[in-house]
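# Summary of structural features
Residues per chain, in single letters:
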Amino acid sequence: MQLIDTHTHLDFPNFDEDRQQVLAEARALGVEKLVILGVEHGNWQRLWDQVLVHDGLYAAFGLHPVYLESHQPEDVQRLEQWLQERQGHEKLCAVGEFGLDYYLPELDRERQQTLFEAQLELAQRLELPVLLHVRRAHAQVIATLKRFRLKRAGIIHAFAGSYEEAREYMKLGFRLGLGGAATWPQANRLRQVIPRLPLDAVVLETDSPDMAPAMYPHIRNSPVHLPAICRELATLLAVEPEELAAASSRNAAELFGWRS
């Protein structure tokens, strides 16, 4: 079973002591590619250095809404320059992680929207897919995406919306990132939505070190857990794990422009 982790933060300090070991174990379990996402200007170089020295690691760079207070006015221009300097490099695969977060009340929504649209414009110009963080903001994100109509669309990370919202994203060409959240029995609504999703709309992710699955509660999440997540989600989708893994990998490869 070959897998792609389409959303991980393997560059975070949580993995500093055993990153090599985690990668080796994940590969032994069939996780052949991993996308690591930048969240603020300060972690882009560290992330890029890591993907360059490891086979199978790919990078996305963005300005995450949760780090809104850390972002400087010039960071959008920095991001544009950073991406332009690496445009066409095989290790660069997307713009992200960015989006809208209405869960945290202290995050100014107007500033978030401005930053969100600036990065959508950048992705459109550079013809890169986007990896989006959306928390309690699906209606606003969908409305914004309908205005932009991105050429390459992208992934709605950690999708936890309704089927109607899923359908709107799919109409716009987006894939839905599914990971540990859906493995928890108390995620009732999400576990009812997932069986209705077509396989060609799904990609798998861990969001490690966050969002640990129910099988590994209260510990650091890891790309090593992706096969277990795949098995649980395959049960919800009523398919074999190998079929889900193949579909997710095919969808990710198509989105990022990789050979399947």
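Residues numbered from 1 in each chain as written. Predicted model: local features only at pLDDT ≥ 70, side-chain atom pairs only at ≥ 80, totals over all residues. Heavy atoms only, no water.

## Notes on the nonpolar core
Basically, it comes down to this: In plain words, nonpolar cores are sets of buried Ala, Val, Leu, Ile, Met, Phe, Trp, Tyr and Cys residues tied together by side-chain atoms within 4.5 Å. Accessible area is worked out with a 1.4 Å probe on protein chains only. A residue is then buried under 20% of its type maximum, exposed over 50%, and partly exposed in between. We count a stretch as a helix when DSSP gives it H or I for four or more residues in a row; a strand needs E for two or more, and each element gets its number in order from the N terminus. The contact criterion used throughout is that any non-hydrogen atoms of two residues lie within 4.5 Å.
In this structure, Phe-61, Leu-132, Tyr-169 and Phe-174 are the most contacted members of the largest nonpolar core, which totals 73 residues. Looking at this core element by element, the count peaks at seven residues for helix 8 (residues 226-237). Residue contacts for Leu-132: discarding those within four places in its chain leaves Phe-98, Phe-116, Val-141, Leu-145, Ile-155, Ile-156, His-157 and Phe-174.

## A few points about the side chain of Lys-91
The criterion, for reference: His residues and chain termini do not enter the charge count, which takes Lys and Arg as positive and Asp and Glu as negative. In the sections that follow, a salt bridge refers to a side-chain nitrogen of Lys or Arg positioned within 4 Å of a carboxyl oxygen of Asp or Glu. Each polar contact in these results corresponds to two N or O atoms within 3.5 Å; when the atoms are within protein, one needs to be able to donate a hydrogen and the other to accept it, and residues that are neighboring in sequence are counted only if both atoms are side-chain atoms.
Within the secondary structure, Lys-91 is located in the loop between helix 3 (75-86) and strand 4 (92-101). Asp-55 provides the closest opposite charge to the buried, salt-bridge-free Lys-91, at an N-O distance of 5.1 Å. Polar side-chain contacts of Lys-91 include one of 2.8 Å to the backbone oxygen of Val-51.

## Describing the pairing of strand 7 (residues 175-178)
Applied cut-off: The pairing criterion for strands is at least two bridges between them, as found by DSSP. We call a crossover right-handed when, viewed with the strands running away from us, the connection from the first strand over the helix to the second turns clockwise.
Along strand 7, one buried face is formed by Arg-175 and Gly-177 and the opposite face, lined by Leu-176 and Leu-178, is buried too. Direction of pairing for strand 6 (residues 154-157) relative to strand 7: parallel, over a ladder of two bridges. In the sheet register, Ile-156 faces strand 7, and the bridge partner there is Leu-176. Following the chain from strand 6 across helix 6 (residues 163-171) to the adjacent parallel strand 7, one finds a crossover that is right-handed. Relative to strand 8 (residues 202-204), strand 7 runs parallel, the two sharing three bridges. Its bridge partner lying in strand 8, Leu-176 is registered against Val-202. Handedness of the strand 7-helix 7 (residues 188-193)-strand 8 crossover: right-handed.

## Focus: the environment of Gly-96
Mapping Gly-96 onto the fold places it in strand 4. The spatial distance from the C-alpha of Gly-96 to the C-alpha of Gly-62 is 4.2 Å, given a sequence separation of 34 residues. Aside from chain neighbours lying at most four places away, what touches Gly-96 is Leu-37, Gly-38, Ala-60, Phe-61, Gly-62 and Leu-131.

## Digging into the UniProt feature "binding site: a divalent metal cation 1" (unreviewed entry) in the protein chain
Note the following rule: UniProt positions are given in the numbering used here, feature names are shortened, and annotations may be inferred rather than shown by experiment.
Mapped onto this numbering, the UniProt entry gives "binding site: a divalent metal cation 1" (unreviewed entry) at His-7, His-9, Glu-97 and Asp-207. Across 201 residues of sequence, these annotated residues stay compact in space, with a maximum C-alpha separation of 11.0 Å. Setting aside residues up to four positions removed in sequence, His-9 forms contacts with Phe-15, Ile-36, Leu-37, Val-39, Glu-97, Asp-207, Ser-208 and Pro-209. Among the polar contacts made by the side chain of His-9, one reaches the side chain of Glu-97 at a distance of 3.2 Å. Locating Asp-207 in the fold gives a position in the loop between strand 8 and helix 8. Apart from residues no more than four positions distant in its own chain, Asp-207 is found in contact with His-7, Thr-8, His-9 and His-157.

## Remarks on the UniProt feature "binding site: a divalent metal cation 2" (unreviewed entry) in the protein chain
Within this structure's numbering, the places UniProt gives as "binding site: a divalent metal cation 2" (unreviewed entry) are His-133 and His-157. Across 25 residues of sequence, these annotated residues stay compact in space, with a maximum C-alpha separation of 5.6 Å. Looking at the element boundaries, His-133 is found in strand 5 (residues 130-135). Residue class for His-133 comes out buried when judged on its relative accessible area of 10%. Residues in contact with His-133, not counting those within four places in the same chain, are His-64, Pro-65, Val-66, Glu-97, Phe-98, Gly-99, Leu-100, Asp-101 and His-157. At a separation of 3.3 Å, a polar atom in the side chain of His-133 contacts the side chain of Glu-97. The residue His-157 is located in strand 6 in this model. Apart from residues no more than four positions distant in its own chain, His-157 is found in contact with His-7, Glu-97, Leu-132, His-133, Gly-177, Glu-205, Asp-207 and Met-211.

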